[in-house]
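# Descriptive structure summary
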Amino acid sequence: RHDWLEGRGPWLTLVGGIDDATGILVGAVFREQEDGTGYLTMVRDMARRYGLPAALYRDGSSVFAPTGPNGPGRDEATQVGRVLAELGITTILAGSAQAKGRIERAWGTLQDRLVSELRKAGACDLPAANAVLRAFLPRFNRRFAVPPASDVPAWRPVPAGLDLARVCAFRWRRAVGSDSCIRLEGMVLQLPPGAGGRSLAGRRVEVELRLDGRLLVVAD
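Let us now look at the overall build of the chain. Broken down by element type, the chain carries five helices and nine strands. Counting from the amino terminus, the chain carries its helices and strands in the arrangement β-β-α-β-α-β-α-α-α-β-β-β-β-β. By its C-alpha atoms, the chain is 60 × 40 × 40 Å across when sized along the principal axes. Residues counted as buried form 40% of the 220 residues belonging to the chain. Considering only residue pairs separated by 6 or more positions, the chain has 60% of its internal contacts joining residues 24 or more positions apart. For the chain, the exposed surface amounts to about 12,100 Å²; the carbon and sulfur share of it is 53%.

The structure is reproduced here in structure tokens:
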């Protein structure tokens, strides 16, 4: 978290990723705090613009893998880990702060240049900050990108037909109760009748919370 808005608004967290070969910021978004939505947004935007990387170098955040007395757990146990696994992106846990030096230096540069852009735009809340960020990223990349050491790209194209909006969503498997309700993250959701007016009671469904805010229920 950082005072990106210099007191004009709340402290924000910049969630993003940088291409190790070129220094290009492949995706970034402001969030109120480091969370799964921020990382899924970054992964989705990165995939749309550049494709899929071979690996993602990460820290030990529980967003990627649950933490416990025995250290980080399996990536697939989290929503972000599941998305990365579905996209065939392996993760590498950074062993030290120095190992993350490139992105730390980039964020240091942003805390100078991006803060100035936010100040000039008069940004004072999260939506305004993200609007400035979207316009800033292409200029930043043109200014600071470097040629890669190899002309052979490691990026893979997104497979044809893959629905990134569905993959980069929060998804849960649930059983519908006899009252046509499902329980999810502390909420009770009552489902309308399915095709032909038939109740979904007793059915297994998948609940999807998309990044655009839509909540979808898909019956088996």
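Another point: the packing of helix H3 (residues 101-121) against helix H4 (residues 126-144). Remark: H3 packs on H4, axes separated minimally by 10 Å, with the N-to-C direction vectors making an angle of 135 degrees. As the angle between them shows, H3 and H4 are arranged oblique. Crossing of H3 over H4 shows right-handed handedness. Of the residues in H4, those touching H3 at Thr109, Leu110, Arg113, Leu114, Glu117, Leu118 and Ala121 are Ala129, Val132, Leu133, Phe136, Arg139, Phe140, Arg143 and Phe144. For the contact of H3 with H4, the residue count by class is ten nonpolar, one polar and four charged.

A separate point is the packing of helix H1 (residues 36-49) against helix H2 (residues 79-86). The geometry of H1 relative to H2 is characterised by a closest axis approach of 9 Å and an angle of 15 degrees between their N-to-C directions. Judged by the angle between their axes, H1 and H2 are roughly parallel. H1 and H2 meet at a crossing whose hand is right-handed. Between H1 and H2, the contacting residues are Gly36, Tyr39, Leu40 and Val43 on the first element and Val80, Val83 and Leu84 on the second. Partitioned by chemical class, the residues of the contact of H1 with H2 number six nonpolar, one polar and no charged.

Conventions and cut-offs
Residues numbered from 1 in each chain as written. Predicted model: local features only at pLDDT ≥ 70, side-chain atom pairs only at ≥ 80, totals over all residues. Heavy atoms only, no water. Helix = DSSP H or I, 4+ residues; strand = E, 2+ residues; numbered from the N terminus. Buried < 20%, exposed > 50% of the residue type's maximum accessible area, 1.4 Å probe, protein only. Contact = heavy atoms within 4.5 Å. Areas by Shrake-Rupley, 256 points an atom, 1.4 Å probe, with all protein chains shown as cover. Axes fitted to C-alpha atoms, helices over the stretch in contact; angles between N-to-C directions. Parallel < 35°, antiparallel > 145°, perpendicular 65-115°, else oblique. Left-handed = near helix turned anticlockwise from the far one by under 90°. Nonpolar A, V, L, I, M, F, W, Y, C, P; charged D, E, K, R; others polar.

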